[in-house]
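Summary of the model geometry
Chain by chain, the residues:
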Amino acid sequence: MSRKPARAYHEAPTRSAPVRARAELEFEEATILGALFGQFDANLVLIENRLGVYISARGNRAQIEGPEDGVARARDVLKAMHQRLLKGEELDPGAVESIIMMSAEPTLEGIVSGDLGAPPIIIRTRKKTIVPRSAMQIDYMRALASTDVIFALGPAGTGKTYVAVAQAVSQLITGSVQRLILSRPAVEAGERLGFLPGDMKEKVDPYLRPIYDALYDCMPPEQVERRIASGEIEIAPIAFMRGRTLADAFVILDEAQNTTPAQMKMFLTRFGQNSRMVICGDPNQVDIPGGPAMSGLNDAVKRLEGIEGINVTRFTSGDVVRHPIVGRIVDAYEGEGA
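In what follows, the accompanying structure is described. (Residues numbered from 1 in each chain as written. Predicted model: local features only at pLDDT ≥ 70, side-chain atom pairs only at ≥ 80, totals over all residues. Heavy atoms only, no water.)

On to the packing of helix α7 (residues 160-174) against helix α9 (residues 209-218). Where α7 contacts α9, the axes come no closer than 9 Å and their chain directions differ by 50 degrees. When the axis of α7 is compared with that of α9, the two are oblique. Along this stretch, α7 crosses α9, giving a crossing that reads as right-handed. Residues Tyr162, Val165, Ala166 and Val169 of α7 touch α9, and the partners they reach there are Ala214, Leu215, Asp217 and Cys218. (Axes fitted to C-alpha atoms, helices over the stretch in contact; angles between N-to-C directions. Helix = DSSP H or I, 4+ residues; strand = E, 2+ residues; numbered from the N terminus. Parallel < 35°, antiparallel > 145°, perpendicular 65-115°, else oblique. Left-handed = near helix turned anticlockwise from the far one by under 90°. Contact = heavy atoms within 4.5 Å.)

Take a look at the structure:
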């Protein structure tokens, strides 16, 4: 494979910046090397840029040079990428970014191979196999598999809703639950859209689009539509939850920071037998009048954190799994308001 033009840091090391470590990896499966290294070695370039190392690929070998810590992390990242491809999982730039971020965690090897022989932390759906893309997602995915009520707090891009929908789809297709109920408050983000034409579904669908996107990413579109038509999947504003008991269901409330305390109490008390509830939201992006002080999410966490059967997972900008610049944007805005 021929690379794109050399980058500035590919210049030969000078005496003032000696190479401190070197490692070499050999890969036996030649058929996946193209996906491993990326087109024009794009994946290797990404690792080099993030970890400050230089990687030379020759045939089925990769030689890593640079600072000792960077070389060790780059070696672990390449091994994790290789194992991911061997399992038939996709390896897009976002996945590579996530593996690089998680290489700083002592649990990376455990995620890839399973601690003490245990299976890796994964969620299987019809279309995808989801693995943790940040350190906090490890705890979150464990909570989703074992805890009755989970509060997922943190900025956009941390996978709060997406991972919850994936877990819900997984439990639906295995028969662990009979229904998926996906909800969010119908609140505009700082704008007034005015009158929306159409029937009730057409009026609320714009608010629920992110949930639809996650569903279609985990299940074939025809299955999503069929299950919605049969009632196995229900997508509705939070106002439609009043007076119901949600049994044998996986229930997700998205954008929960825009509920009032009364709405949140109403929603939480819908909990029924053999159910699981996930409440996702960003406490710093409240769009209802009164701001964070009037948020039902903030109120509920204060009241319920520490109660048995309730888990609170807090994501930060360091857990953002979109483009790295999203995390820097989050830091800039939160720092400004601090």
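Read on, since the account is not over.
Attention shifts here to helix α11 (residues 261-268). Taken together, the buried positions of α11 are occupied by Met264, Met266, Phe267 and Leu268. Buried residues along α11 sit against β6 (149-153), β9 (249-253), β10 (276-281) and α12 (296-304). (Buried < 20%, exposed > 50% of the residue type's maximum accessible area, 1.4 Å probe, protein only.)

Relative to the helices and strands, Ser170 is located in helix α7. Judged by relative accessible area, Ser170 falls into the buried class, the value being 14%. Residue contacts for Ser170: discarding those within four places in its chain leaves Ile123 and Arg124.

With that settled, consider the sheet that holds strand β8 (residues 233-237). One open sheet holds the six strands; their spatial order is β8-β7-β9-β10-β6-β11, and the pairing between them is parallel. A single partner strand is all that each edge strand has here, and the edge strands are β8 and β11 (310-314). Averaged over all pairs of adjacent strands, the angle between strand axes in this sheet comes to 15 degrees, irrespective of strand direction. Sheet analysis places β6 next to β11, joined by five bridges and oriented parallel. Pairing of Leu153 across the sheet is with Arg314, part of β11. (Pairing = 2+ DSSP bridges.)

Within the chain, Phe40 stands out as a residue other than glycine whose phi angle is a positive 55 degrees. Mapped onto the fold, Phe40 is located in the loop between α1 (33-37) and α2 (42-51). Overall, the relative accessible area of 38% leaves Phe40 in the partly exposed class. In the Ramachandran plot, Asn274 falls in the positive-phi region, its phi being about 50 degrees despite a non-glycine side chain. Here Asn274 shows up in the loop between α11 and β10.

Quick look at the nonpolar core now. In this structure, Tyr140, Leu180, Leu215, Ile233, Ile252 and Val278 are the most contacted members of the largest nonpolar core, which totals 36 residues. Listing elements by their share of this core, those giving two or more residues are α6 (135-146), β6, α7, β7 (179-184), α9, β8, β9 and β10. Of the residues forming this core, the biggest block, seven residues, is contributed by α7. Once you skip the residues sitting within four places of it in the chain, Ile252 turns out to touch Ala164, Val165, Ala168, Ile181, Leu182, Ser183, Val278 and Cys280. (Core = buried A, V, L, I, M, F, W, Y, C linked by side-chain atoms within 4.5 Å.)

Counted according to the given criterion, the structure contains three aromatic pairs. Look at Phe27 and Phe37: their rings are 6.3 Å apart centre to centre, the planes differ by 75 degrees, and that puts the pair in the edge-to-face class. Of the two residues, Phe27 sits in the loop between β1 (21-26) and α1 while Phe37 sits in helix α1, which places them 10 residues apart along the sequence. In this structure, Phe27 and Phe37 share a single accessibility class: buried. On the numbers, 6.4 Å between centres and 20 degrees between planes, the contact of Tyr212 with Tyr216 is stacked. Highlighted residues: Tyr212 and Tyr216, both in helix α9, separated by four residues, approximately one helical turn. Residue classification places Tyr212 among the buried residues on the basis of a relative accessible area of 6%. (Phe/Tyr/Trp six-rings, centres within 6.5 Å; stacked < 30°, edge-to-face > 60°.)

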